[in-house]
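What follows is each chain in one-letter form.
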Amino acid sequence: MRSVSPALNRSCTGNEMTALKFGAQELPDLDDYATLAEQFVPGRRAIFAIVEASFLELLPKGSARILVVGAGGGEEILRLGSDNPDWWFVGVDTHRPMVDLALRRLDGAPVGARTQMEETAIENLDQRDFDAATCILTAHFVPDDGAKLAFFKAIHARMKPGAPLAIVDGTGIPGEPETELLRRIWTRHAVRNGVAEEAAEANAENFKKVAVVSAERQEDLLTSAGFERLTPIFRVLSIKGWLAFA
Ligand SMILES: C[S@@+](CC[C@H](N)C(=O)[O-])C[C@H]1O[C@@H](n2cnc3c(N)ncnc32)[C@H](O)[C@@H]1O
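Residues numbered from 1 in each chain as written. Predicted model: local features only at pLDDT ≥ 70, side-chain atom pairs only at ≥ 80, totals over all residues.

**Student:** Can you walk me through the site of the ligand in this structure?
**Tutor:** Contacts to the ligand come from 24 residues, most closely from Phe 22, Gly 70, Gly 72, His 95 and Met 98. Mapped onto the shell around the ligand, the elements with two or more residues apiece are helix H3 (75-81) and strand S3 (87-93). Its residues placed into classes, the shell around the ligand shows 12 nonpolar, nine polar and three charged. (Near = placed C-beta within 6 Å. Helix = DSSP H or I, 4+ residues; strand = E, 2+ residues; numbered from the N terminus. Nonpolar A, V, L, I, M, F, W, Y, C, P; charged D, E, K, R; others polar.)

This is the structure in structure tokens:
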């Protein structure tokens, strides 16, 4: 596994703009990230199992190069790569501590030898022609002020024509009754799953600050970026996932 660290260009990630940045949240010890993510996100493991099954169905047998956008922590690379020795990964993430966490978790795992992690914005990645891509719980950190569309276009530009993107994101309109109800259920679910009440409340509050958009807006943005045949593959509370084809 190789760690390359070209200069982090924050200005084009949208990360410095209006929305709450991932690293600006009150994050627990990042070594607990994987455990906490499972406590917070209902059906988290199912996300990776469904994405893996999707790629097994869609990718031809043999070697495939998969772009992982927001690869910090390493979860999708570990989950998708462990049983698929022909899949190679390039992971990009803009938050150094999450890149480091991915590197630590991948170190010594067989898929680590098939992975390249980059601390960079997708817009600055030189590589192209990916056979598939993932963007899991990441795009909702990119503001919808032009940056989110540019982010989706940058992913699209790096994929082979027709290649599948699996995207999973928080959706909703903060303040709307349905979104707020789902947010309260989210909080109760986290507490039932062992998260301290205060931490669960704080996490749910963040939902108001990140750049979540409605599912319809997300679909419009993906379509405007050039993706076609949007196919829903996941929905739990406010988390929604699609396949979208480049
Ligand atoms: C909630 S974590 C999800 C990480 C991983 N996909 C998972 O499901 O475990 C969101 C990640 O997106 C990264 N991120 C936020 N904005 C980004 C951007 N514009 N480009 C790349 N990564 C970004 C954060 O640094 C963080 O590591």
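Past the structure itself, the notes keep going.
**Student:** Would you mind going over the environment of Ile 173 with me for this structure?
**Tutor:** By the element assignment, Ile 173 lies in the loop between strand S6 (164-170) and helix H6 (177-192). Through-space distance from the C-alpha of Ile 173 to that of Phe 207 is 9.7 Å; in sequence the pair is 34 residues apart. Those residues in contact with Ile 173 that sit more than four places away from it in its chain are Thr 179 and Ser 214. (Contact = placed C-beta atoms within 7 Å.)

**Student:** What's the story with H6 in this structure? I'm lost.
**Tutor:** The α-helix winds at 3.6 residues per turn, so residues separated by three or four positions along the chain end up facing the same way. Between its terminal C-alpha atoms H6 stretches 23 Å, which fits the 22 Å expected from 16 residues at 1.5 Å a residue. Burial in H6 covers these residues: Leu 182, Trp 186, Thr 187 and Ala 190. One side of H6 holds all its buried residues, which, seen down the axis, span an arc of 145°. Away from its buried face, by an angle of more than 90 degrees, H6 presents the exposed residues Pro 177, Glu 178, Leu 181, Arg 184, Arg 188 and Arg 192. Looking at the packing, one finds that the buried side of H6 touches helix H1 (33-40) and helix H7 (197-209). (Expected span 1.5 Å × (residues − 1). Buried ≥ 20, exposed ≤ 12 C-beta atoms within 10 Å, placed from the backbone. Arc of directions from axis to C-beta.)

**Student:** Even after reading the chapter, I still don't get the pairing of strand S8 (residues 239-245), so can you show me in this structure?
**Tutor:** Successive side chains on a regular strand alternate, one facing one side of the sheet and the next facing the other. S8 sits mainly inside the fold: six of its seven residues count as buried. Pairing between strand S7 (residues 228-236) and S8: six bridges, direction antiparallel. Within S8, the residue paired with Val 236 across the bridge is Ile 239. With antiparallel pairing between neighbouring strands as the criterion, S7 and S8 make up a hairpin whose turn holds two residues, including Leu 237 at a positive phi of roughly 50°. (Pairing = 2+ DSSP bridges.)

**Student:** What exactly am I supposed to notice about the environment of Val 236 here?
**Tutor:** You can see Val 236 is positioned in strand S7. Sequence-wise, Val 236 and Ile 47 are 189 residues apart; in three dimensions their C-alpha atoms are separated by 9.9 Å. The residues contacting Val 236, other than those within four sequence positions of it, are Pro 42 and Gly 43.

**Student:** What am I meant to see in the nonpolar core here?
**Tutor:** Side chains of a nonpolar character, in soluble globular proteins, are inclined to be buried together. With 57 residues, the main nonpolar core has Ile 66, Ala 133, Ile 155 and Leu 165 as its most contacted residues. The leading source of residues in this core is helix H4 (residues 96-106), at five residues. Those residues in contact with Ala 133 that lie beyond four places of it in its chain are Ile 66, Leu 67, Val 69, Ile 155, Met 159 and Leu 165. (Core = buried A, V, L, I, M, F, W, Y, C linked by C-beta atoms within 7 Å.)

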